Amino acid sequence: MKIAEIFTSIQGEGDTSGYPTIFIRFAGCNLRCRYCDTRAAQDDCGIEMDLTQIMEEVQKSVVSHVCITGGEPLLQQNLPALLKMLHEAGHVITIETNGTLDFRSCQDYATICMDVKCPSSGEMSNLRLLPWIRSEDSVKYVIGTDEDLRYAHETLKQNAVRGTIFWSPVFGTDPMKIVSYILDQNLPVRFQLQLHKIIGVQ
């Protein structure tokens, strides 16, 4: 498996925001979002590690939460096997995915955070995956423009989502525009800032 990095920090977004978390960041991504903040993980240029090596690195920490991220982690063929090992070791696992690949084989061991790509990203997610989001999963929209706001709202109206829905601003853009829109439209979404960027950790 191609690993970009494994590190422990504070989770900055999603349902487990604020928890100490072990991040397993895989290298390689099938998208090229304009606002990507982990460009070093876009290419398939990570370090090759097998399942045992990854688990040995994870077990150096006593933290229980694990975030599987990227890049796009669902590109890794051995991911279900790694999830099973992490689950059996007692870890609480979240997968951050860009919403283009089928995540159902991972849901026995992990919750899913599906990133629905808005127009300003320059990419597009597979909205046909939204019905497979469970109540314990979540969906994230990263919003940078008025067009993004309209797109996110329209997809909400067209797709019933059982999990938590997060709306976050592209880092450096005006968050109050999103807050005002949520309040004006009385939308069933959770506004969220990227905590790790605010407090200045990885």
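Attention in this report is confined to the structure presented alongside it.

## Quick notes on the packing of helix α1 (residues 51-58) against helix α2 (residues 79-88)
Inference 1: Interaxial distance between α1 and α2 falls to 11 Å at its minimum, and their mutual angle equals 35°. Where α1 crosses over α2, the handedness of that crossing is right-handed. On α2, the residues that touch L51, I54, M55 and V58 of α1 are A81, L82, M85 and L86.
Inference 2: For the contact of α1 with α2, the residue count by class is eight nonpolar, no polar and no charged.

## Let's talk about the environment of D148
Inference 1: Positionally, D148 belongs in helix α3 (residues 146-158).
Inference 2: A sequence separation of 48 residues divides D148 from H196, and the C-alpha atoms of the two residues are 23 Å apart.
Inference 3: Not counting the four nearest positions on each side in its chain, D148 is found in contact with C118, P119, S120, V142 and I143.

## Details of α1
Inference 1: The complete set of buried residues in α1 reads L51, I54, M55 and V58. Buried residues along α1 cover an arc of 95° about the axis, so they all sit on one side.
Inference 2: Its buried side turned inward, α1 meets β1 (2-10), β2 (20-26) and α2.

## Considerations on the packing of aromatic side chains
Inference 1: What the rule picks out here adds up to three aromatic pairs.
Inference 2: Arranged with centres 6.3 Å apart and planes meeting at 65°, the rings of Y141 and W167 form a pair that is edge-to-face. Remark: W167 occurs in strand β8 (residues 164-169) and Y141 occurs in strand β7 (residues 138-143); sequence separation between them is 26 residues.
Inference 3: Connected via pairs of aromatic rings, a cluster forms that spans Y141, W167 and Y181.
Inference 4: Taking NZ or CZ as reference, R104 lies 4.1 Å from the ring centre of W132, over its face.

## So, a nonpolar patch on the surface
Inference 1: Taken together, the side chains of F191, L193, I198, I199 and V201 define a hydrophobic patch exposed on the protein surface, amounting to about 400 Å² of accessible area.
Inference 2: Tracing the backbone shows L193 in the loop between β9 (190-191) and α5 (195-199).

What counts, and at which threshold
- Residues numbered from 1 in each chain as written.
- Predicted model: local features only at pLDDT ≥ 70, side-chain atom pairs only at ≥ 80, totals over all residues.
- Heavy atoms only, no water.
- Axes fitted to C-alpha atoms, helices over the stretch in contact; angles between N-to-C directions.
- Helix = DSSP H or I, 4+ residues; strand = E, 2+ residues; numbered from the N terminus.
- Left-handed = near helix turned anticlockwise from the far one by under 90°.
- Contact = heavy atoms within 4.5 Å.
- Nonpolar A, V, L, I, M, F, W, Y, C, P; charged D, E, K, R; others polar.
- Buried < 20%, exposed > 50% of the residue type's maximum accessible area, 1.4 Å probe, protein only.
- Arc of directions from axis to C-beta.
- Phe/Tyr/Trp six-rings, centres within 6.5 Å; stacked < 30°, edge-to-face > 60°.
- Lys NZ or Arg CZ within 6 Å of the ring centre and 35° of its normal.
- Patch = residues over 30% accessible without salt bridge, like charges linked within 9 Å, V, L, I, M, F, W, Y side chains within 5 Å.
- Areas by Shrake-Rupley, 256 points an atom, 1.4 Å probe, with all protein chains shown as cover.
- Salt bridge = Lys/Arg side-chain N within 4 Å of Asp/Glu carboxyl O.

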